[in-house]
Amino acid sequence: MQADLVIVGAGLYGLTIAERAANELGLKVAIVDRRGHIGGNAYTEREARTGIEVHRYGAHLFHTSNEKVWAYVNQFTGFTGYVHHVYTTHNGEVFPMPINLGTINQFLHAALTPQQARDWVREQAGELAGTDPENLNDKGIQLIGRPLYEAFIKYYTGKQWQTDPKDLSASIINRLPVRYTYDNRYFNDTHEGLPVDGYTAWFERMVDNPNIEVHLNTDFFDNGEFGKAATVGSVPVVYTGPVDRYFDYAEGELGWRTIDLEEEVLPIEDFQGCAVMNYPDPDVKFTRIHEFRHFHPERDYTKDATVIMREYSRFAGRDDEPYYPVNTADDRAKILKYRERVKAEKQILFGGRLGSYKYFDMHMAIGSALSMYENKLKPHFAAGEALV
Ligand code: FDA
């Protein structure tokens, strides 16, 4: 196919651009992805033995308050009424998260009112009041006081970063939300749910157009019909892979954290009674366990088995999947240099979480892709404006 537009990456960013360009502008679009499936990190599949939908790259819950994005995604899928809740096991006891009045009262074996709980947290946080926290540990104590911070945040954060919070920058956290009600709904967004037929059915509908060709197991940096050498400068390209890789790491490697996921099928109906259980204590190596059957209580899943996934966090090497930007001062200096290089490239736009070196939730990736389409690609293809 002679493509009008080449997209690198079949994640939600690339799929959104492809769908708009093909369906609204009638362009011929080629998408390449080095993985063997579309959907990027939001990809899910049915576990072979149980049929339970498993999120291959970590749990993905859709939520948004952006009406434009909500209307857009509803063209391709309906959403279930799933509302996300998280629990945490600390010292052999299960508490509701995020920290709320229920967590505090259980922690203190008390029946504090909202105002009493507020006063207690303020009193605890007073330990470091008026100081300028030098590290994440001090910042955490200053925000919510030592008891709650040490029980629920300190070691969890330490495990996520493989670093003692005393050695982490205070700038990693601005706030630690505490709710003085019993509301333990995880997200505050207007819309929330999971795609009724699963994520993959949703993504397949986005590219269901004869003008969209998807080339899987195809790396943009290999020589091929839609590789870098054959496309950049000759045909417009939207690149959603890692920005440092595109420039052959000329300004140095950007830091990422990755996660290792350990899946297990257990011969029981229910392992933990909820979708996500955090483990904030230092003697447990993983950070949390997902149990996928709980994402779809409306489905008639087998009662003979369940699928769980333990999550371990660590720094990513070059060959690991990059998941969360580390964003040290050194990384920030590098990304500024890469952005200068990006500006000098012709006929290519960079986007998505890897291309921008930014954490995006799914609705942000879609919203950002819709903006790129409206503000850059559409004016270029429909009105001949330069692609910059
Ligand atoms: P994404 O990474 O999905 O896609 C990029 C694609 O580019 C990949 O498929 C990759 O293979 C491909 N690619 C890279 N280099 C290439 C090359 N050289 N050649 C060809 N292809 C190449 N969000 C949310 O809303 N709710 C949630 O619950 C979660 N949960 C969550 C958990 C975890 C562990 C992570 C890491 C992330 C989330 N997210 C999330 C965020 C969500 O995953 C994110 O918003 C989307 O993946 C962003 O889509 P992109 O298209 O930008 O990237």
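On a predicted model such as this, the values are computed, not experimentally measured, just so you know.

Some details on the overall build of the protein
Argument step 1. Scanning the protein from terminus to terminus reveals 12 helices and 16 strands.
Argument step 2. Overall size of the protein, expressed as C-alpha extent along the three principal axes, is 70 × 50 × 35 Å.
Argument step 3. Going through the 388 residues of the protein one by one, you find that 53% of them count as buried.
Argument step 4. Put simply, of all contacts in the protein between residues at least 6 apart along the chain, 72% involve residues at least 24 apart.

Section: the pattern of salt bridges
Argument step 1. Throughout the structure, instances matching the rule amount to 25 salt bridges.
Argument step 2. Here glutamate 262 ties to arginine 310 by a salt bridge, and the two come within 3.0 Å at their closest N and O atoms. With glutamate 262 in strand 11 (residues 256–266) and arginine 310 in strand 14 (residues 306–315), this residue pair connects regions lying 48 residues apart in the sequence.
Argument step 3. Taking relative accessible area as the criterion, glutamate 262 reaches 34% and is therefore assigned partly exposed.
Argument step 4. With a closest N to O distance of 3.0 Å, glutamate 264 and arginine 310 form a salt bridge. Of this pair, glutamate 264 sits in strand 11 while arginine 310 is found in strand 14, placing the two residues 46 residues apart along the sequence.
Argument step 5. Among the residues examined, glutamate 264 registers a relative accessible area of 30% and is labelled partly exposed.

So, the site of the ligand
Argument step 1. Close to the ligand lie 33 residues; Asp33, His60, Leu61, Phe360 and Met362 are nearest.
Argument step 2. The set of elements that each furnish at least two residues to the shell around the ligand consists of helix 1 (12–23), helix 11 (352–356) and helix 12 (362–383).
Argument step 3. Ranked by the residues each element gives to the shell around the ligand, the list is headed by helix 11, at 3 residues.
Argument step 4. Grouping the amino acids of the shell around the ligand by side-chain chemistry returns 18 nonpolar, 9 polar and 6 charged.

Observations concerning helix 1
Argument step 1. For helix 1, spanning 12 residues, the distance from its first C-alpha to its last is 16 Å, which sits close to the expected 16 Å at 1.5 Å a residue.
Argument step 2. Of all 12 residues that make up helix 1, 11 are buried, and the element is covered over most of its length.
Argument step 3. Burial in helix 1 covers these residues: Leu12, Tyr13, Gly14, Leu15, Thr16, Ile17, Ala18, Glu19, Arg20, Ala21 and Ala22.

Re the sheet that holds strand 12 (residues 276–278)
Argument step 1. Read from one edge to the other, the open sheet built from 7 strands follows the order 7-6-12-13-14-11-15, with strand pairing classed as mixed. Strands with a single pairing partner mark the edges of an open sheet, and in this sheet they are strand 7 (93–97) and strand 15 (324–325).
Argument step 2. Judged from the 5 bridges that link them, strand 6 (residues 86–90) and strand 7 form a sheet pairing that is antiparallel. Note that in strand 7 the partner of threonine 88 across the bridge is phenylalanine 95.
Argument step 3. This element, helix 3 (residues 101–108), spans strand 6 and strand 7 of the sheet and lies at about 155° to strand 7.

Notes on the sheet that holds strand 2 (residues 29–32)
To summarise the sheet geometry, strands pair through backbone hydrogen bonds and adopt either a parallel or an antiparallel arrangement.
Argument step 1. Pairing in this open sheet of 5 strands is parallel, and the strands run 9-2-1-10-16 from one edge to the other. Edge strands, defined here as strands with exactly one partner in the open sheet, are strand 9 (212–215) and strand 16 (348–350). Across this sheet, the average inter-strand angle for adjacent strands is 15°, counted without regard to direction.

Structural notes on the side chain of lysine 139
Argument step 1. You can see lysine 139 is positioned in helix 5 (residues 136–144).
Argument step 2. For the buried lysine 139, which has no salt bridge, the nearest side chain bearing the opposite charge is aspartate 132, at an N-O separation of 7.8 Å.
Argument step 3. Separated by 2.7 Å, the side chain of lysine 139 and the backbone oxygen of isoleucine 173 make a polar contact.
Argument step 4. Apart from residues lying up to four places away in sequence, lysine 139 is in contact with Pro133, Ala170, Ile173 and Asn174.

Digging into the packing of aromatic side chains
Here the distance between the centres and the angle between the planes together describe a pair of aromatic rings.
Argument step 1. Within this structure, the stated rule accounts for 29 aromatic pairs.
Argument step 2. For the pair phenylalanine 62 and tryptophan 70, a centre-to-centre distance of 6.3 Å together with 20° between the ring planes defines the contact as stacked. Both residues of the pair, phenylalanine 62 and tryptophan 70, belong to the buried class.
Argument step 3. Here the aromatic cluster, defined as three or more aromatic residues joined through ring pairs, consists of Phe220, Phe221, Tyr239, Tyr246, Phe247, Tyr338 and Phe350.

Here we look at the nonpolar core
Argument step 1. Counting 98 residues, the largest nonpolar core has Ile17, Phe62 and Trp202 as the members making the most contacts within it.
Argument step 2. With residues up to four places along the chain from it excluded, the contact list for tryptophan 202 reads Leu12, Phe62, Val73, Phe76, Thr77, Phe79, Pro195 and Ile366.
Argument step 3. Listed in part, the 8 residues of the second largest apolar core include Leu266, Tyr279, Val284 and Ile289.

Points about the confidence of the model for the protein
Argument step 1. Predicted confidence across the protein gives a mean pLDDT of 95, with 100% of residues reaching 70 or more.
Argument step 2. Our summary of model confidence lists the complex with pTM equal to 0.95 and ipTM equal to 0.99.

A short note on unusual backbone geometry
Argument step 1. Each neighbour pair has its own omega, and for methionine 97 with proline 98 the value is -15°, a cis peptide bond.
Argument step 2. Along the chain, the position of proline 98 falls in the loop between strand 7 and helix 3.
Argument step 3. Although it is not a glycine, tyrosine 357 sits at a positive phi angle of roughly 55°.
Argument step 4. You can see tyrosine 357 is positioned in the loop between helix 11 and helix 12.

How each quantity is defined
Residues numbered from 1 in each chain as written. Predicted model: local features only at pLDDT ≥ 70, side-chain atom pairs only at ≥ 80, totals over all residues. Heavy atoms only, no water. Helix = DSSP H or I, 4+ residues; strand = E, 2+ residues; numbered from the N terminus. Buried < 20%, exposed > 50% of the residue type's maximum accessible area, 1.4 Å probe, protein only. Contact = heavy atoms within 4.5 Å. Salt bridge = Lys/Arg side-chain N within 4 Å of Asp/Glu carboxyl O. Near = heavy atom within 4 Å. Nonpolar A, V, L, I, M, F, W, Y, C, P; charged D, E, K, R; others polar. Expected span 1.5 Å × (residues − 1). Pairing = 2+ DSSP bridges. Axes fitted to C-alpha atoms, helices over the stretch in contact; angles between N-to-C directions. Lys, Arg positive; Asp, Glu negative; His and termini not counted. Polar contact = N/O pair within 3.5 Å; in protein donor to acceptor, adjacent residues only side chain to side chain. Phe/Tyr/Trp six-rings, centres within 6.5 Å; stacked < 30°, edge-to-face > 60°. Core = buried A, V, L, I, M, F, W, Y, C linked by side-chain atoms within 4.5 Å. pLDDT = per-residue confidence, 0-100.

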